[in-house]
Amino acid sequence: MKGRLISGIAAILMLGSGLMAQALSPLPVQEYDYHITDNVPSPITLGMGGLNLTNAADYFTSYDNPALLAENTGTSFAASYRLANEDEIGFADLVSVSNLLKSKQFMYYTLITKNSAWSYQPVASTHISTLSATTAEYYDFQLDKLQISLAASDEKYARLSGGINIKYLTGRLVYLRERINYSNMIREAFIDNKVKGVSGDLGFTWKEDKFTLGASLYDVLSRLWWEDYGSKKLARRAGMGIQYNGESYALTAGLQGKLASDAQTTYHFGYVKNWNWKSSTRSKRDINQNLVLRAGLFSKNFNGTDNINYTLGSGYNYNMFRMDFALTNTGMQLRDSKYLFSVGVGIQ
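Presented here is an overview of the structure given in this document. (Residues numbered from 1 in each chain as written. Predicted model: local features only at pLDDT ≥ 70, side-chain atom pairs only at ≥ 80, totals over all residues. Heavy atoms only, no water.)

Looking now at the overall build of the chain. The secondary structure content of the chain amounts to three helices and 14 strands. Taking all 348 residues of the chain together, the buried fraction comes to 44%. Counting only contacts in the chain whose residues sit at least 6 apart along the sequence, the fraction spanning at least 24 positions is 56%. (Helix = DSSP H or I, 4+ residues; strand = E, 2+ residues; numbered from the N terminus. Buried < 20%, exposed > 50% of the residue type's maximum accessible area, 1.4 Å probe, protein only. Contact = heavy atoms within 4.5 Å.)

Structure representation (structure tokens):
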């Protein structure tokens with residue numbers, strides 16, 4: 001009798017689990033690809049072509065290549081802000097827009113110390129709401145990243161530096177679809193689910209005379225855990241780059257793509273020009289100043305101007321304060337430009 005009771009309870013539990021699984025609506029988020037050029041958080045990187053694997057003169061180096069932090073010896077704080085035209089997104093595009101950001105929002109906060117950095121970044125912030133004569137849909141997906149970056153170099157191999165990003169991700173998805181039947185709203189799907197995850201990047205640099213080589217692997221080991229759904233992996237990406245360092249300028253070239261059959265590789269080229277000078281205050285203390293101009297472009301195939309993204313940027317340093325700006329557009333259409341701004345301060 002006792003054995004039959006236990007078997008009956010187990011059967012009921014299995015049946016209930018099966019019914020709950022059937023009742024769950026499928027996740028509208030199917031692709032987890034976040035290290036893309038459209039979401040670059042640094043105006044310094046964006047101005048020089050949208051990829052930075054080799055230039056350490058950037059507060060946001062940990063995003064593309066944490067190994068560049070090995071050259072950092074001071075402490076500083078920086079934040080960047082994004083401004084873009086709002087795109088019209090439909091529900092048919094949900095799979096490909098799960099990595100979209102809001103048109104106006106802060107992109108990145110970072111605190112940099114010697115050989116390390118702590119950062120916060122929204123990696124997805126998508127909101128869609130539509131209403132038609134027959135259906136009503138609502139979609140809101142937010143995913144945030146907290147990151148610790150560490151870098152080091154060995155005296156024996158002074159030209160080689162390595163770095164790692166350790167990332168913790170947390171977010172929430174709210175999705176509702178209702179069918180309108182005369183004056184009644186009939187719910188067809190509803191999801192309110194939280195997600196947590198971890199991921200890691202690896203970066204390397206090698207210096208040889210006036211050349212710097214850089215490479216990174218993004219989201220090498222990753223996992224996202226949904227409350228009521230199976231776990232997911234982030235899309236793995238990789239990037240490689242080279243930089244030539246002149247007296248007061250630098251030339252960069254690089255590529256980035258998925259580690260998959262459909263690599264979606266983008267090719268990046270950039271130019272950076274620096275002017276440095278000193279000025280004296282009334283107390284006869286020297287103030288270091290720096291003006292930077294940046295220009296670049298990137299594309300998947302460079303097949304016509306409509307497939308090329310042009311970038312332009314500038315920066316100004318005054319002693320411990322730094323301001324940077326960049327814009328990018330496709331096919332030289334200024335009305336469709338996206339803008340990035342950042343402010344940084346050197347604490348010591």
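From this point, the narrative continues.
Let us look at the environment of Gly-241. Within the fold, Gly-241 resides in strand β8 (residues 237-245). In this view, Gly-241 contacts Leu-53, Thr-54, Thr-212, Leu-213, Gly-214, Ala-253 and Gly-254; residues no more than four positions away in its chain are not counted.

A separate point is the pairing of strand β6 (residues 184-208). By the bridge criterion, 22 bridges tie strand β5 (residues 160-181) to β6 in an arrangement that is antiparallel. Bridge pairing in β6 places Arg-177 opposite Ala-189. Where β5 folds back on β6, the antiparallel hairpin that results is connected by two residues, among which Tyr-182 adopts a positive phi of roughly 60 degrees. Examined bridge by bridge, β6 and strand β7 (residues 211-226) share 13 bridges and lie antiparallel to one another. Bridging across to β7, Gly-203 finds its partner in Ser-216. Linking two consecutive strands that pair antiparallel, namely β6 and β7, is a turn of two residues; a positive phi of about 55 degrees is found at Asp-209 within it. (Pairing = 2+ DSSP bridges.)

Tracing the backbone shows Ala-117 in strand β3 (residues 116-131). Taking the C-alpha atoms as reference points, Ala-117 and Tyr-59, separated by 58 residues in sequence, lie 9.5 Å from one another.

Turning to the pattern of salt bridges, a few remarks are in order. Overall, the coordinates contain 12 salt bridges when judged by the stated rule. In this structure, Asp-201 engages Lys-167 in a salt bridge whose closest nitrogen and oxygen atoms are separated by 3.0 Å. Placement of the pair is Asp-201 in strand β6 and Lys-167 in strand β5, with a sequence separation of 34 residues. For the pair formed by Asp-201 and Lys-167, the shared burial category is buried. Ionic pairing is found between Asp-324 and Arg-294, a salt bridge with its closest N-O pair at 3.0 Å. One end of the pair, Asp-324, is in strand β13 (residues 321-330); the other, Arg-294, is in strand β11 (residues 286-299), and 30 residues separate them in sequence. As far as the burial class goes, Asp-324 and Arg-294 line up, both buried. If you follow the salt bridges from partner to partner, you end up with Glu-31, Asp-33, Arg-237 and Lys-258 in one network. (Salt bridge = Lys/Arg side-chain N within 4 Å of Asp/Glu carboxyl O.)

This part is about the side chain of Glu-178. Following the sequence through the fold, Glu-178 ends up in strand β5. Residues contacting Glu-178, with those up to four places away along its chain left out, are Thr-134, Thr-135, Ala-136, Met-185, Ile-186, Arg-187 and Glu-188.

Residues Tyr-32, Tyr-34, Tyr-139, Phe-141, Leu-143, Leu-173 and Trp-226 are the most contacted members of the largest nonpolar core, which totals 20 residues. For this core, the elements supplying multiple residues, two or more each, are β3, β4 (135-153), β5, β6 and β7. Leu-46, Tyr-108, Ile-112 and Ala-117 belong to the second-largest nonpolar core, a separate cluster that totals 16 residues. (Core = buried A, V, L, I, M, F, W, Y, C linked by side-chain atoms within 4.5 Å.)

Let us look at the packing of aromatic side chains. Under the defined criterion, the tally for this structure stands at 13 aromatic pairs. Here a set of aromatic residues connected by ring pairs shows up, and it is made of Tyr-81, Phe-106, Tyr-109 and Tyr-120. The residue whose ring lies beneath Arg-187 is Phe-190, and the NZ or CZ to ring-centre distance is 4.8 Å. Positioned above the aromatic ring of Tyr-59, the side-chain terminus of Arg-322 is 5.0 Å from the ring centre. (Phe/Tyr/Trp six-rings, centres within 6.5 Å; stacked < 30°, edge-to-face > 60°. Lys NZ or Arg CZ within 6 Å of the ring centre and 35° of its normal.)

Time to look at the environment of Gly-197. Secondary-structure assignment places Gly-197 in strand β6. With a relative accessible area of 1%, Gly-197 lands in the buried category. Apart from residues no more than four positions distant in its own chain, Gly-197 is found in contact with Lys-167, Tyr-168, Leu-169, Arg-223, Leu-224 and Trp-225.

Okay, unusual backbone geometry next. Of note in this structure, Gln-264 is not a glycine but carries a positive phi near 50 degrees. Structurally, Gln-264 is set in the loop between β9 (249-258) and β10 (266-280).

Here we come to the pairing of strand β1 (residues 76-83). Two elements, β1 and strand β14 (residues 338-346), share eight bridges in a ladder whose sense is antiparallel. Within β14, the position partnered with Arg-82 by the bridge is Leu-340. Direction of pairing for β1 relative to strand β2 (residues 104-113): antiparallel, over a ladder of eight bridges. Within the sheet, the bridge partner assigned to Tyr-81 lies in β2 and is Phe-106.

Our next topic: the side chain of Asn-55. Its location among the elements puts Asn-55 in the loop between α2 (43-47) and α3 (61-64). In this structure Asn-55 comes out as buried when scored by relative accessible area, which is 11%. Within polar-contact distance, the side chain of Asn-55 engages the backbone nitrogen of Ala-57 at 2.9 Å. Among all residues touching Asn-55, those that are not within four sequence positions of it are Met-48, Thr-61, Leu-68, Gln-243 and Val-272. (Polar contact = N/O pair within 3.5 Å; in protein donor to acceptor, adjacent residues only side chain to side chain.)

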